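In case you want the letters, here they are:
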Amino acid sequence: MSLAAGTKLGPYEIVALLGAGGMGEVYRARDTRLKRDVAVKVLPASMSADPERLRRFESEAEAASALNHPNILSIYDIGTEAGAPYIVSELLEGETLRMRLSGGAFTPRRAIGHALQIAQGLAAAHEKGIAHRDLKPENIFVTFDGRVKILDFGLAKLTQPEGAGASQTNLPTVTPGTEPGVVLGTLGYMAPEQVRGKGADARSDIFSFGAILYEMLSGRRAFHGETAADTISAILTRDPPELSETNRRVPESLDRIVRHCLEKSPEARFHSASDIAFDLEAISGTSLVGAAGARSGGLPWSTRFKRLLPWLALPVGVAAFVVGRQTLSSRRTSGAIVGGVQKLTIQPGVESFPSLSPDASTVVYEAGPAGNTDIYLQRVGGHNPINLTKDCDKDDAEPAFSPTGDRIAFRSECGGGGIFVMGATGESVRRLTDFGYFPAWSPDEKEIVVSQEFFFDPYSRTGLSSLWVIEVANGQKRKVLDQDGVQPSWSPHGQRIAYWGLVGNTGQRDVFTISAKESRPAPVAVTHDPPTDWNPFWSADGRFLYFASDRGGSMNLWRVRIDEASGKTLGLPESATVPAGWSGPLSASRDGRHIVYEALTDLPGIQRVPFDPVAGKIAGPPVDIFRSSLPLLLFEVSPDGAWIAFASGGSRQDLFVMHSDGTGLRQLTDDPYRDRNVAWSRDGKQIFFMSDRGGGYETWSIHPDGSGLTQITRNSAKATWWPVFSPDGTQFAAGDGANSYVRRLDGAGAYGAAEPLPLLGDGHWFNVRDWSPDGKTLAGSRSAAVLGTGVVLYDLASHQYRRLNDSGNLPRFLPDGRRLLFVDHSALWLIDSQTKETRIVLPPANDSNLLHFALAPDGRSIYVQQSLSDSDIWEAMLNP
């Protein structure tokens, strides 16, 4: 019997029945703790007494909860109420694939879009040793925004990989019901080995996947008879009808993928779901689908602009062979890519952005033991670093050895900032440009490519940057990239430049290459998927592009085979793991046998600092209110001072709130989407934030109790970063990465038209961060870089700017509206907006970096985001 609305299962209150199946009933429910809607799957009382069904139910929870992938249903919780077990999962809005198939066959383009996501979800599960064993259209869900989710791992089992040795003999024992001789699954989608009662593994899922893809393309089941015996006979002895008989728009390359999945022998099928995804990605970018006549439907945005692969010009049969050989070969060697490692630096604090000399004998890096960052030179194997830039009391950073090792290019803030070049031991320093970050040399040392903007870390970066090539001899410059790009890297033969950048309004961070010779080259995507990819560099022979990525769960080293001349990738990314929980900026020796990288340990936290707003002085020692290994993005204090809202950083970005004393931590969002940049409404009833949950970054709002998730903007060309509300709550100001603007709010909270603010006199834009208490002035910084270069005020009446200083960021007004606090070099400063008198309020701590701060409404507490960081430079050997 169905549960009535209002029934409580632990903290979950039943709202309505959504559906029922052989493994239980599914309800919409309300999580009374986190104030969010969830799905609850309940095993009926008549079935809970059956040990076998109970075991399978628990198997579903165990298997699915171990998976974290955007194409697999997220499991939140499991419990038992009055003897009835239940599973709590994310609540999906949409329909099953079975419902969508009721309308007939899909276009090839639409089928590929769904199939690619299914394959990616299966690949994630198979990599963890989990086979689904009951894949069918009823167990695949398509959300209204086009996201495909695999449901019901109720028949999943943990399978021992082939060739498992003694080190894997303690895998969980397969219990009855998943052993050979017991038939489990759904007839019509079961692999031949399943209907025979033999053991089933990931290859069985591949057969089921092929049957589903066949049905999407043809509109009818691959194996179907009048009786169960007829269906079993078809699975064991017959191939399904040719797709051309039912849908002439199916290209031959797609038909071959289906046939390869539906091989009767497991050994003859695709070796992995990753291989299927690779082939689907390849044909999704070709003209084959369009030429076949598909006009309706379409791939999700994440697959529309996939790179063209060079092997597509080969005959299909040859291409499949090449792909299979490349994929298998890369997997056999991936574990041996990185050899021995050694720690190069042992100083306390952070050493970052290493560059290895061409002969691998010395390394240069940036570090800040003297208060400002300098460039240090150290012999590999030695422990006596030499400060090469001690004569400059400003920050010097991002060093890069020239290909011959005779010179070092670097970024310096001296003399107003720019790119400088010096000899390999610090001699003959000269300015090359008055702008630019992350210099990279051309192989002939005649040019240096730079990005226009700076970033702190790949997750928090929000600015937009173009790429410029500078002639070393005379400083002449030319723009080579208009769209976003940072951290460029020149290929070894000078043909291409690799870089990473933000993708449109999605927040996605991918790696690209462009031609180094063309005046306005077209970017070629190296990666185009949700993981954060950054810091590309080339192998010595140009056959591989290495990059840092969190696609394996933590930030580490990956590589992809590439054609240097065209920039087209020749395979899937493969892991080249280095022994670090978080590996940051990397570089390589000229022979490609050595790399250096930054291994970072970071413990972020928030401190409350008592403050006297009248005297403008600290009134007591700092107190830790929150310290966690959870990465933090910027936080904000509620208008009543009772709450703090923040977003987590890293690969998962969710919203949290807690009391201002650090207690009562509560998570508001828990899903694969990126939620960030929180801001409180003036009445404290809403938290505004950015999210890509609608496809691209838009502004959303949520109540502090987790309810009322609402999309505010739609189809925005740019994202809204850190909205700052006027004192009366009727307007807000915000930046979008290229400018700031003011918008009005109506009584319902809807946005009015954007009124852009004028650019600063030097052509840079004003990055707004606070609104004065009297509502007349905006405070911000000159955004020559994300970190800002000076505190700037904007008068809303006269539309005039006034620059208060040349260094600093994140200005906040004190309650008097005249003085402001701001951050500069990990210290907190106070400036008088009328006299420009400046003094330090909170000096930099020896063991931490001040990243952000917020002021309590009464001005009597400053909340400071400190990061206890330590990183060292390591060297590793590469086995190309």
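Below or above, wherever it landed, is the structure these notes cover. (Residues numbered from 1 in each chain as written. Predicted model: local features only at pLDDT ≥ 70, side-chain atom pairs only at ≥ 80, totals over all residues. Heavy atoms only, no water.)

Spatially, the three strands line up as an open sheet ordered β7-β9-β10, and their pairing is antiparallel. In this open sheet, the two edge strands, each paired with only one partner strand, are β7 (94–96) and β10 (148–150). The sheet shows a mean angle of 25 degrees between the axes of neighbouring strands, direction not considered. Sheet topology note: the β7/strand β9 (residues 140–143) ladder contains three bridges and is antiparallel. Looking across to β9, one finds that Glu95 is bridged to Val142. Along the sheet face, helix α4 (residues 108–127) touches β9 and β10 and points at about 40 degrees away from the line of β10. (Pairing = 2+ DSSP bridges. Helix = DSSP H or I, 4+ residues; strand = E, 2+ residues; numbered from the N terminus. Axes fitted to C-alpha atoms, helices over the stretch in contact; angles between N-to-C directions. Contact = heavy atoms within 4.5 Å.)

Attention now moves to the sheet that holds strand β54 (residues 819–824). Across the sheet, four strands lie side by side as β53-β54-β55-β56; this open sheet has antiparallel pairing. Edge positions in the sheet fall to β53 (809–813) and β56 (838–842), since each has one partner strand and no second. Strand-to-strand twist across the sheet, computed as the mean angle between neighbouring axes with direction ignored, equals 30 degrees. Pairing analysis gives three bridges linking β53 to β54, with the strands arranged antiparallel.

Linking two cysteines covalently through their sulfur atoms gives a disulfide. The tally for this structure, following the rule as stated, stands at one disulfide. Here Cys392 connects covalently by a disulfide to Cys414, the sulfurs 1.5 Å from one another. Where Cys392 bonds to Cys414 through sulfur, the torsion about that S-S bond is close to 110 degrees, and the disulfide is right-handed. Taken together, the residues Cys392 in the loop between β16 (386–387) and β17 (396–401) and Cys414 in the loop between β18 (407–412) and β19 (418–423) connect sequence positions 22 residues apart. You'll find Cys392 and Cys414 in the same group, each marked buried. (Disulfide = S-S within 2.5 Å. Buried < 20%, exposed > 50% of the residue type's maximum accessible area, 1.4 Å probe, protein only.)

Now for the packing of aromatic side chains. Scanning all chains against the criterion turns up 19 aromatic pairs. The interplanar angle of 10 degrees and the centroid separation of 5.3 Å between the aromatic rings of Phe537 and Tyr546 together place this pair among those described as stacked. Consider the rings of Phe725 and Phe732, whose centres lie 5.9 Å apart with planes at 50 degrees: the pair is tilted. Aromatic ring contacts, followed pair by pair, group Phe353, Tyr437, Phe438 and Phe454 into a single cluster. (Phe/Tyr/Trp six-rings, centres within 6.5 Å; stacked < 30°, edge-to-face > 60°.)

Glancing now at the pattern of salt bridges. The final tally for this structure, using the stated rule, is 33 salt bridges. As a salt-bridge pair, Arg543 and Asp541 come within 2.7 Å of each other at their nearest N and O atoms. The exposure class of Asp541 is partly exposed, given its relative accessible area of 35%. Here Arg819 makes a salt bridge to Asp816, at a shortest N to O gap of 2.7 Å. Given a relative accessible area of 14%, Arg819 falls into the buried group. (Salt bridge = Lys/Arg side-chain N within 4 Å of Asp/Glu carboxyl O.)

This part is about the packing of α4 against helix α6 (residues 202–218). Closest axis-to-axis distance for the α4/α6 pair is 10 Å, and the angle between their directions is 165 degrees. Classified by the angle between their axes, α4 and α6 sit roughly antiparallel to one another. The interaxial crossing formed by α4 with α6 has right-handed handedness. Between α4, through Pro108, Ala111, His114, Ala115, Ile118, Ala119, Leu122 and His126, and α6, the contact on the second element is made entirely by Ala202, Asp205, Phe209, Leu213, Met216 and Leu217. For the contact of α4 with α6, the per-class residue count stands at 11 nonpolar, two polar and one charged. (Parallel < 35°, antiparallel > 145°, perpendicular 65-115°, else oblique. Left-handed = near helix turned anticlockwise from the far one by under 90°. Nonpolar A, V, L, I, M, F, W, Y, C, P; charged D, E, K, R; others polar.)

When a strand is regular, its side chains alternate between the sheet's two faces. Of all the six residues making up strand β37 (residues 632–637), six are buried; the element is thus mostly covered by neighbouring parts of the structure. Looking at chain direction, β37 and strand β38 (residues 643–648) are connected through four bridges and run antiparallel. The partner of Phe635 across the bridge, within β38, is Phe646. Where β37 hands over to β38, the hairpin turn is made up of five residues, of which Gly641 adopts a positive phi near 75 degrees.

Mapped onto the fold, Thr96 is located in strand β7. Overall, Thr96 belongs to the buried group, its relative accessible area being 15%. The contacts of Thr96, once residues within four sequence positions are left out, are Pro137, Glu138, Ile140 and Phe141.

Let us now look at the pairing of β38. Among the six residues that make up β38, five are buried, leaving the element largely enclosed by the rest of the structure. Bridge analysis of β38 against strand β39 (residues 655–659) gives five bridges, and the strand direction is antiparallel. Considered in β39, the bridge of Ala645 is made with Val657.

Below, the discussion takes up the nonpolar core. Within the largest apolar cluster, 52 residues are counted, with the highest numbers of intra-cluster contacts made by Phe209, Leu213, Met216, Ile276 and Leu280. Considering every element that reaches this core, the biggest residue donor is α4, with 10 residues. Once residues lying within four places of it in the same chain are set aside, the contact partners of Leu213 are Ala111, Ala115, Leu254, Ile257 and Val258. Counting residues in each nonpolar core, the second largest holds 35 residues, with Tyr459, Trp500, Leu545 and Ala580 among its members. (Core = buried A, V, L, I, M, F, W, Y, C linked by side-chain atoms within 4.5 Å.)

Let us look at α6. Taking 1.5 Å as the rise per residue, α6 with 17 residues should run 24 Å; its terminal C-alpha atoms sit 24 Å apart, in good agreement. In terms of burial, α6 is a largely internal element, 16 of the 17 residues being buried. Gly219 lies just past α6 and shows a positive phi near 85 degrees. (Expected span 1.5 Å × (residues − 1).)

Next up on the list: unusual backbone geometry. One non-glycine residue, Ser428, adopts positive backbone phi at about 55 degrees. For Ser428, the location among the structural elements is in the loop between β19 and β20 (430–431). On the basis of relative accessible area, Ser428 is assigned to the exposed category, the value being 61%.

Here we take up the side chain of Glu193. Residue position: Glu193 is located in helix α5 (residues 192–195). Residue class for Glu193 comes out buried when judged on its relative accessible area of 7%. Within the structure, Glu193 has its side chain in polar contact with the side chain of Ser204 (distance 2.8 Å). Leaving out residues up to four positions away in the same chain, Glu193 has contacts with Lys198, Gly199, Arg203, Ser204, Lys264, Pro266 and Arg269. (Polar contact = N/O pair within 3.5 Å; in protein donor to acceptor, adjacent residues only side chain to side chain.)

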